[in-house]
Amino acid sequence: MNYSDFLYMRDELSLLIVILFLLVYDLIAGKKGMKYFQPVAIVAFAIHTAFNILPYAAGEAFGGMYLNSPMMSVVKTILNIGTLIVFLQAKHVFDMENQRNRRGEYYFLTLTTLLGMYYMISSGNFLLFYIGLEMASIPMATLAALDKEDNKSAEAGAKYILSAAFSSGIMLFGISYIYGTTGTMYFMDLPSLITANALQILAFVFFIVGLFFKISLVPFHLWTADVYEGSPTNVTAYLSVVSKGSAVFVLTVLLYKVFGNLIDQWQGILYGIIIVSITIANLFAIRQKNIKRFLAFSSISQAGYLVLATISGTAYGMTTLVYYVLVYIFSNLAAFGVISAIETRTKKLNISDYNGLYSTNPKLSFVMMLAMFSLGGIPPFAGFFSKFFIFSAAAEQGFYVLVLIAVINTIISLYYYLLVVRAMFIEKSDNPIPALKTDGYNRLSLVICTTGIMVAGILSFIMEKIGTYSFGM
Amino acid sequence: MNFLSIFVLIPVLMIIALFIARNRKQVLGVMVTGSTLLVIMAVYLTVSYITDRAAGATGPMLYTASMMWYEPLNIHYSVGVDGISVAMLCLSAIIVFTGTFTSWKMEPLTKEFFLWFCLLSIGVFGFFIATDLFTMFMFYEVALIPMFLLIGIWGSGRKEYSAMKLTLMLMGASAFLLVGILGIYFSSGATTMNILELVKIHIPVQQQYLFFVLTFFGFGVLGALFPFHTWSPDGHASAPTAVSMLHAGVLMKLGGYGAFRVSIYLMPEAAHDISWIFLIMTGIGVVYGAFSAIHQTDLKYINAYSSVSHCNLVLFAILMLNQTAMTGAVLQMLSHGLMTALFFALIGMIYGRTHTRLITEMGGLMKVMPFLGVSFVIGGLASLGLPGLSGFVAEMTIFFGAFEHPDMFHRVLTIASTMSIVITAVYILRMVGKFLYGPMQDKHHAALTDAVWYEKIAVVTLIAFIIAIGSLPLGLSDMIRSSLTDVIAQLVR
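Summary of the structure given here. What you see is a predicted model, and the numbers here were worked out from it, not measured in a lab. (Residues numbered from 1 in each chain as written. Chains lettered and ligands numbered in written order. Predicted model: local features only at pLDDT ≥ 70, side-chain atom pairs only at ≥ 80, totals over all residues. Heavy atoms only, no water.)

## Section: the overall build of chain A
Our working rule: Secondary structure is summarised from DSSP: a helix means a run of H or I of at least four residues, a strand means a run of E of at least two, and numbering begins at the N terminus for each. In this setup the radius of gyration rests on C-alpha atoms only. A globule is expected at 2.2 Å times the number of residues raised to 0.38. For the exposure calls, accessible area comes from a 1.4 Å probe over protein chains only, and a residue counts as buried if that area is under 20% of its type's maximum, exposed if over 50%, partly exposed in between.
Looking only at helices and strands, chain A has 20 helices and two strands in total. The C-alpha atoms of chain A give a radius of gyration of 21 Å, which matches the 23 Å a tight globule of 473 residues would have. Taken along the three principal axes of its C-alpha coordinates, chain A extends 65 × 55 × 40 Å. Put simply, chain A has 473 residues, and 64% of those count as buried.

Written as structure tokens, this is what we have:
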């Protein structure tokens, strides 16, 4: 055992320090210190993000239990950026009556799930992977139920924990079969032992279905809309970008590195899943009235696009995936930033409440419009570029029909994104949301997101830089 | 930095300036300065293009420049122009210029209106200078999306429906285009998106068929390809004046230009073999559009259907695949762009005064507003192809070219489409007769005023160009014709 092995876990260790620091601060800070919890947490986490921004060398620790590669560091950094933006938007969580004195919990629970995702990403063994997964899920259920006096929030927590437990069960069943047929749980040893016999395919299917639950792909998506609607908006934002992005990346790494021999099987499975996810989620999204449910279905369909990058099995596919996650973080969090700003002041969450928003809140509507355009893939915003690259990655491997279906679906999705734009800019309302000023942190987050949406596509080096770290099968 | 990029840079700077602008006066100042600069640039480009060609500059495109953008896909920001793009750039600059003046009294949200207007023109100018498939596609989509808000916010009538229909149909068509572009890139064995390099690589014929259909359909829908033209009448009728002008005048030309630049240029064999499918569609479109225009009573609908007919004629001429007809197609794009912009501008001005667009509710307006009336008649005569005006030159060239095909199929189609000239005469003369001449339908109309200075600037500019093309077409058609040599060389390969 070499202690320098710990250095590979630089991201995890520094995050752990942040968590412990916030825990202690929560204990010792008096009423006055509590007031500054948000800035303290943001600064601490920003230091952590900056400290880990340069990818660390590739290597393994603890006999292959823990793996690190520069790409994984890049993904962790991207998740950090997402989490940082979420924290900037978090003020409204503490405006809830029952939250005034419990600021700390929100932060260290969120960061614990992030730590779980880190371990999930860097795991080199199914056991560590599973621990990471649970660490990411269980605090998440608590977060979903954070609003104690809201029945819907409690319901969301219960739904999340039940479906998480169920999917973990299915996944563990799959893992046990993989162990049974190969005799090992180490990712390094597995590829040569997986020979595509019937039992292994069965095990693989159970395992991957568990992951699909986490990513919430159709037909394993039924928990998503209710949980998204019930959770505090900030938690929903976190759930929809950070949690989803990490799960899809883990899926990609596992499919490439561990189940490479089953490529025919998983390409077939993904093919079907992508089509149903994108199409069904789009069709449901059209009919949503509540903006959080609407974004829930939109995020299911976006997850379908994310997996579209995976199906190619190439390094380029991974590049496009990670780039897509980055752009998705900016776009979706811009939308959630606006939603939480409006929800905090007015408690309004229906799309029809947004009618005439432009006349009273031009800046917020403008940001929301950019977010919708970026999500819908309209140039010159970043979403167009990320979608184009995803399609090119799949087309490169000859999935033309799939690409065509996906592209036509972007038109359907454009329809419902435009409905929001229409409500804000075109529809008139007798009783529009009054002009409101959102808090400084949220404004900063919206500035970051807007900048990201505007420049992440035009500046090509971001995507090319990601491309230098990515790896294929 | 290549000087062609200035065409994109000017609207970008205009957008930034508009953000800063504090009041209406400044907004208009920015718009007038910017669009005048664009016109000056366009004239300068034309002059220097013709002199450079005369001085012996060869190569399919001039002023080419290329900058690596996305390395993994070998995407470049690459620009270049030939005679056809020069003509299109001039047209766009003129329409943006006149569009600014026709929306002088735009209310409410003046600033926002011009913001979207400038974004639209970024897309248009960028599209015409781009020589890289990705860049081209990006600018194409940039030009589409502002339409949604422009129609939705400032439109009239069933504006929400029209805006949504237009956006979704055009975006839907661009989906096919996207797949076609990816297909050209990946399965042709080429590792470039640059059109000028792609053309040197012979795309396998079997694949050409698929890509030809995908790209031609993608661009064709924007060029109002029958039966996918239905977005156009609704969209144009609901849009505010300047947007109708820019959309019918320039944006629909993106379809024709793209079909020509991508589908025909890169897939010549497929164009030869399966152009007949699209020829039938466009042939029907030409006649159908003209017939539909007869039945309309709303001025904007009449002009919108007339646009459908004329734009189908552009595609029809392109698909004839010979030099004369294609020259005619480009001339028709120019001529129709100016003509339809003039029409929409005049309709907007008349509607602003009478508050109705139904010809049954108007009459005798020639006496009240002689300037607008005469301009309308000039536009009408250009549309029905009176010699001396631009429409005649264009349509004549097209039908001459089309008649060069000796076989039965082409002959029949050509003769059928020629009929559209007669039908055009019917609806134009009927329309002019109904609402400009005859007894006055509404007593209040007698008190209306004629055009004011900013309206006159727009109208006079457009008419001047229509007459210029009509009476001195040779320099222009030489410029276009010589640029077509390269395309024709591909076709007879």
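Alright, that's what it looks like, and here's the rest.
## So, the layout of surface pockets
Definition in use: Definitions used for this entry: grid spacing 1 Å over protein atoms alone; cavity, a set of points where a 1.4 Å probe fits but cannot get out; pocket, an open set with protein on both sides within 12 Å along at least 5 of 7 lines; lining residue, one with an atom within 4 Å of a point. Grid points are joined across faces, edges and corners, and a volume is the space filled by probe spheres set on the points. Three classes are used: nonpolar for Ala, Val, Leu, Ile, Met, Phe, Trp, Tyr, Cys and Pro, charged for Asp, Glu, Lys and Arg, and polar for all others, with Gly counted as polar.
Roughly 1,500 Å³ of internal volume is contained in the largest pocket. Taken together, 38 residues form the lining of the largest pocket, with Pro-380 and Met-454 of chain A together with Val-12, Ile-15 and Leu-119 of chain B sitting closest to its centre. Looking at the lining of the largest pocket, its residues break down into 31 nonpolar, four polar and three charged. Of the pockets and cavities examined, the second largest pocket occupies roughly 590 Å³. Lining the second largest pocket are 28 residues, with Thr-102, Met-106, Thr-241, Gly-348 and Gly-352 of chain B sitting closest to its centre. Within the residue set of the lining of the second largest pocket, elements represented by two or more residues are α5 (133-154), α10 (241-266), α13 (323-354) and α18 (453-471) of chain B. Broken down by element, the lining of the second largest pocket gets its largest block of residues, seven residues, from α13 of chain B. Looking at the lining of the second largest pocket residue by residue, the class counts come to 14 nonpolar, eight polar and six charged.

## Details of the pairing of strand β2 (residues 75-81) of chain B
On any regular strand, side chains alternate: one points to one face of the sheet, the next to the other face. Residues and elements named next belong to chain B. Rules: Strand pairing requires that DSSP identify at least two bridges connecting the strands.
Where burial is concerned, most of β2 is hidden: seven out of the seven residues are buried. Here β2 shows no split at all, with Ile-75, Tyr-77, Val-79 and Val-81 on one side and His-76, Ser-78 and Gly-80 on the other all buried. Pairing of strand β1 (residues 62-70) with β2 involves six bridges; the strand directions are antiparallel. Opposite Met-68, over in β2, you have His-76 as the bridge partner. The antiparallel pairing of β1 with β2 creates a hairpin that spans four residues between the two strands, and Asn-74 there sits at a positive phi of about 55°.

## Looking at empty space enclosed by the protein
Going through the model one piece at a time under the given rule, you end up with 11 cavities of 30 Å³ or more. Considered as a void within the structure, the largest cavity measures approximately 160 Å³ in volume. If you trace the largest cavity, you find 17 residues lining it, with Gly-376, Gly-377 and Thr-410 of chain A together with Glu-141 and Leu-178 of chain B closest to the centre. Looking at the lining of the largest cavity, the elements that each hand over two or more residues are α17 (382-396) and α18 (400-425) of chain A together with α5 and α6 (159-187) of chain B. Considered class by class, the residues forming the lining of the largest cavity number 11 nonpolar, four polar and two charged. Taken together, Met-117, Met-120, Leu-133, Ala-136, Ser-137, Tyr-160, Lys-214, Ser-243, Ser-246 and Ala-247 of chain A make up the full set of residues lining the second largest cavity. Breaking the lining of the second largest cavity down by element, the ones donating at least two residues are α5 (103-122), α6 (126-144) and α11 (233-257) of chain A. Considering only residue class, the lining of the second largest cavity consists of six nonpolar, three polar and one charged.

## Looking at the packing of aromatic side chains
To keep things clear, this is the line we draw: Only Phe, Tyr and Trp rings are paired, with Trp represented by its six-membered ring, and only when their centres lie within 6.5 Å; those with planes under 30 degrees apart are stacked, over 60 edge-to-face, the remainder tilted. Consider the ring centre and the ring normal. A charge sits over the ring if Lys NZ or Arg CZ is within 6 Å of that centre and within 35 degrees of that normal.
Scanning the model with the defined rule gives 71 aromatic pairs over all chains in all. Taking 5.8 Å as the distance between ring centres and 70° as the angle between the ring planes, the aromatic pair formed by Trp-69 of chain B and Phe-134 of chain B counts as edge-to-face. Placement of Trp-69 of chain B in strand β1 and of Phe-134 of chain B in helix α5 is noted, with a sequence separation of 65 residues between them. Across this residue pair, the class does not change: Trp-69 of chain B and Phe-134 of chain B are buried. Between Phe-128 of chain B and Tyr-257 of chain B the ring centres are 5.0 Å apart and the planes differ by 90°, which places this aromatic pair in the edge-to-face class. With Phe-128 of chain B in helix α4 (residues 110-129) and Tyr-257 of chain B in helix α10, the pair connects residues that are 129 residues apart, well separated along the chain. Overall, the relative accessible area of 0% leaves Phe-128 of chain B in the buried class. Note that Lys-76 of chain A overlies the ring of Tyr-118 of chain A, its terminal NZ or CZ placed 5.6 Å from the centroid. Note that Arg-357 of chain B overlies the ring of Tyr-351 of chain B, its terminal NZ or CZ placed 5.2 Å from the centroid.

## Quick notes on the interface of chain A and chain B
Interface size is often expressed as the accessible area that is lost when the parts come together. Applied cut-off: The contact rule is simple, with two residues in contact once any of their heavy atoms fall within 4.5 Å. The quantity reported as buried area is the accessible area (1.4 Å probe) lost by two parts once they are put together, taken as the sum for both. Any carboxyl oxygen of Asp or Glu that lies within 4 Å of a side-chain nitrogen of Lys or Arg is treated as forming a salt bridge with it. Polar contact is defined as a pair of N or O atoms within 3.5 Å, subject to the rule that within protein one atom must be able to donate a hydrogen and the other to accept it, and that residues adjacent in sequence are counted only when both atoms are side-chain atoms.
The partner chain B presents 36 residues to the 40 residues of chain A that form the contact. For the pair chain A and chain B, the summed buried area comes to about 3,400 Å², and 84% of that belongs to carbon and sulfur atoms. Where chain A touches chain B, the interface holds zero salt bridges. At the boundary of chain A with chain B, the tally comes to five residue pairs in polar contact (both at pLDDT 80 or more). At the level of elements, α14 (315-346), α16 (362-376), α17, α18 and α20 (461-469) of chain A are the ones that each hand at least two residues to the side of chain A that touches chain B. If you tally residues by element for the side of chain A that touches chain B, the top one is α18 of chain A, at 13 residues. Tallied by class, the residues present in the side of chain A that touches chain B amount to 32 nonpolar, four polar and four charged.

## What to know about helix α7 (residues 151-182) of chain A
Each α-helix winds once per 3.6 residues, and so residues spaced three or four apart point in a common direction. What counts is decided by this rule: Working rule for helices: expected span equals 1.5 Å times residues minus one.
Between its first and last C-alpha, α7 of chain A extends 46 Å over 32 residues, near the 46 Å set by a 1.5 Å rise per residue. A positive backbone phi angle near 80° is found at Gly-183 of chain A, which sits one or two residues after α7 of chain A.

## Describing the pattern of salt bridges
Residue and element names in this part refer to chain A. Overall, the coordinates contain 11 salt bridges over all chains when judged by the stated rule. As a salt-bridge pair, Lys-159 and Asp-226 come within 2.8 Å of each other at their nearest N and O atoms. Pair noted here: Lys-159 is in helix α7 and Asp-226 is in helix α10 (residues 224-230), with a separation of 67 residues, a long-range link. Residue Lys-159 is classed as partly exposed on the basis of its relative accessible area of 29%. Under the relative-accessibility criterion, Asp-226 is labelled partly exposed at 24%. Between Arg-293 and Asp-226 there is a salt bridge, with its nearest N and O atoms 3.1 Å apart. In this pair, Arg-293 sits in helix α13 (residues 291-310) while Asp-226 sits in helix α10, placing the two residues 67 residues apart along the sequence.

## Some remarks on helix α17 (residues 408-436) of chain B
Here α17 of chain B spans 43 Å end to end across 29 residues, near enough to the 42 Å set by a 1.5 Å rise per residue. Phi turns positive one or two residues past the end of α17 of chain B, at Gly-438 of chain B, with a value near 80°.

## Remarks on unusual backbone geometry
With an omega of 5°, the peptide bond running from Val-218 of chain A to Pro-219 of chain A counts as cis. Tracing the sequence through the fold places Pro-219 of chain A in the loop between α9 (198-215) and α10. Between Phe-226 of chain B and Pro-227 of chain B the backbone carries a cis peptide bond, its omega angle lying at 0°. With respect to the helices and strands, Pro-227 of chain B occurs in the loop between α8 (205-222) and α9 (231-238).

## Some details on the packing of helix α12 (residues 299-319) of chain B against helix α16 (residues 390-403) of chain B
Geometrically, a packed helix pair is captured by the angle between its two axes and the distance between the axes. Residues and elements named next belong to chain B. Counted only if it meets this: With axes taken as lines fitted to C-alpha atoms, and helix axes fitted only over the stretch in contact, angles between N-to-C directions fall between 0 and 180 degrees. Relative orientations are named as follows: roughly parallel for angles under 35 degrees, roughly antiparallel for angles over 145 degrees, roughly perpendicular for angles from 65 to 115 degrees, and oblique for any other angle. It is the rotation of the near helix from the far one that decides the hand of a crossing: anticlockwise by less than a right angle makes it left-handed, clockwise makes it right-handed.
At a minimum axis distance of 10 Å, the contact between α12 and α16 shows a crossing angle of 40°. Regarding the angle of α12 to α16, the classification is oblique. Note that α12 runs across α16; the crossing there is left-handed. Contact with α12, carried on its side by His-310, Leu-313, Phe-316 and Ala-317, involves Glu-395, Ile-398, Phe-399 and Ala-402 of α16 and no other residues of that element. Grouping the constituent residues of the contact of α12 with α16 by class yields six nonpolar, one polar and one charged.

## Some thoughts on the packing of α6 of chain B against α8 of chain B
All names here are of chain B. For the pair α6 and α8, interaxial distance at closest approach is 8 Å and the crossing angle is 150°. By the angle class used here, α6 and α8 are roughly antiparallel. The chirality of how α6 crosses α8 is left-handed. Between α6 and α8, the contacting residues are Met-169, Leu-170, Ala-173, Phe-176, Leu-177, Val-179, Gly-180, Gly-183, Ile-184 and Ser-187 on the first element and Gln-207, Phe-211, Leu-214, Thr-215, Phe-217, Gly-218, Phe-219, Val-221 and Leu-222 on the second. Tallied by class, the residues present in the contact of α6 with α8 amount to 13 nonpolar, six polar and no charged.

Read these as geometric descriptors, not functional statements.
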